[in-house]
Each structure stands twice: as C-alpha cells, then as structure tokens.
Amino acid sequence: LLLEEFEAEACRARGGGRLEERLVQSVSGSTRGPVFFFRYEPGEGIAFLVAGAGHAVSRSSLGPGGTGFALEDRLLSGIYRNSAAGLGKSLSEYLPLSRVMCTRLGIANFEAWPMIEAGKLNVRPARLLGILVVAESGADNGLRRDFMGVLLERASRHYARQNV
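Since we're looking at a predicted model, the values are computed, not measured. As a convention, each chain's residues are numbered from 1 in the sequence order in which they are written. This being a predicted model, a pLDDT of at least 70 is required before a residue's local features are given, and a value of 80 or more before pairs of side-chain atoms are given or counted; all residues contribute to the totals for chains, interfaces and linings. Note: side-chain values were computed over all heavy atoms of the structure, leaving out hydrogens and water.

A. A look at helix α3 (residues 73-84). Every helix listed is a DSSP run of H or I at least four residues long, and every strand listed is a run of E at least two residues long, numbered separately from the N terminus. How far a helix is expected to stretch is found by multiplying one less than its residue total by 1.5 Å. With 12 residues, α3 extends 16 Å from end C-alpha to end C-alpha; this agrees with the ideal 16 Å at 1.5 Å per step. Residues L75, L76, G78 and I79 constitute the buried set of α3. The buried residues of α3 all sit within an arc of 160 degrees when viewed along its axis, so they share a single face. For α3, the exposed residues lying more than 90 degrees away from the buried face are D73, R74, R81 and A84. Where α3 is buried, its residues meet β1 (35-41), β4 (110-117) and β5 (127-135). The buried label applies to any residue whose accessible area, calculated with a 1.4 Å probe on protein chains only, is under 20% of its type's maximum; exposed applies above 50%, and partly exposed to all values in between. The directions considered for the arc run from the helix axis to the C-beta atoms. Should any heavy atoms of two residues lie within 4.5 Å, those residues are counted as being in contact.

B. Main features of the pattern of salt bridges. Between Lys or Arg on one side and Asp or Glu on the other, a salt bridge is scored when a side-chain nitrogen of the former is within 4 Å of a carboxyl oxygen of the latter. If you walk through the whole model with that rule in mind, you get four salt bridges. A salt bridge links E20 to R39, with the nearest nitrogen and oxygen atoms 2.8 Å apart. On the criterion of sequence distance, the pair formed by E20 in helix α2 (residues 16-31) and R39 in strand β1 is long-range, its members being 19 residues apart. Judged by its relative accessible area of 1%, E20 falls in the buried class. A salt bridge links R127 to E117; its shortest N-O distance comes to 2.6 Å. You can see R127 sitting in strand β5 and its partner E117 sitting in strand β4, a full 10 residues away along the chain. When its relative accessible area of 32% is taken as the criterion, R127 is described as partly exposed. Each of E20, R39 and E41 takes part in a single network of salt bridges with overlapping partners.

C. Just the nonpolar core, in detail. Among the buried residues, those of types Ala, Val, Leu, Ile, Met, Phe, Trp, Tyr and Cys that are joined through side-chain atoms within 4.5 Å form a nonpolar core. Residues F38, F69, L71, L97, M101, I131 and V133 are the most contacted members of the largest nonpolar core, which totals 24 residues. Those elements giving two or more residues to this core turn out to be β1, β2 (46-53), α3, α4 (95-105), β4 and β5. One finds V24, A53, M115 and A155 within the second-largest nonpolar core, a separate group that totals 14 residues.

D. Representation of α4. Along α4, the residues classified as buried are L97, S98, V100, M101 and L105. The buried residues of α4 occupy an angular sector of 160 degrees when the element is viewed end-on, so they sit on one face. Residues of α4 that are buried sit in contact with β1, β2, β3 (68-70), β4 and β5. Positive phi shows up at G106, right after α4, with a value of about 70 degrees.

E. Geometry of the environment of G52. Along the chain, G52 falls in strand β2. Assessed through its relative accessible area of 35%, G52 is described here as partly exposed. C-alpha of G52 to C-alpha of V133: the two residues are 81 residues apart in sequence and 9.2 Å apart in space. Those residues within four positions of G52 in sequence are excluded, and the remaining contacts are V24, V35 and F36.

Laid out in structure tokens, this is it:
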C-alpha cells in the first residue's frame, strides 16, 4: 500500500523538492523513524541534505551551503559498478556521511542507500541522484531492505522524469 501511495503522490509532485519530501515521508512512515535525502550535485561532487522527516531539520541545513558531504571518485565508481551488476551498495560505513550524521544530525546508527537513475546501453551511463538515509528504528531490516529497493527504483524513475 505504501508503494502505491508513493507512486500516486510522485505523479502529482512537481519539482524535485516535492518528490524528495514525499520520498522521506513515505519511508519515515513505514519505518517510524528519521529519514533524510541528500541530493547529489555532480558538478560539485557533494551531496546536500534537501529533505528530512521524523527529525527536526533547520532550514539553514537544507540545500547548497547547508549540510552536505563530498563523494570520492572511488566511492562513485563502486556505486556505479555495483549498480551495473544489479547490486546495491550500502553507504552506511562511508566516513564523510557518518560524520555529518553524527555531528550535524545527532544520529549514529543508520543505513544509507544510493538512488541511481539507470543508464541506457550505448546512450548514457547511470547517474547518482542522491542518497537516502534511514535511522535505525527497530523495524525488520530484511523487509525494510526489500521495500527500500523497490521504492528507490520507482522514485529514481519519477526523479529522472522531472529532470532533477
């Protein structure tokens, strides 16, 4: 039911910000915990916090100039390599993200997944859209991972259509 609700809301959402807000609200509703979305800006090599649910986030923390972290080329290569192989790559152990989560948001225990727009063979490569971060909430991780995979795949299609 949550996936269908998200799909309906995503179709109505105009602009990346509304879609990012719906995404974190949907996930926070299913996990009953804090959820954040960091939009990746490839020109800067930085992912900036743009949406949060289930946790107080100040306006000054959002967007460029707010809370963010750099993504190393080696990490990006691993994300794209895993995506091409049909595997997810957890970013929970990535030190720059861990620092931001602990020092800026006060959260030490979390899971993080990249949201990737799939590439098209001989047309364009895959592209990192952002990173979804879910604070541990005690929910069943196996079920949550399955849900997250499907939700991220659907969200990335809507996100790419909006040319964010």
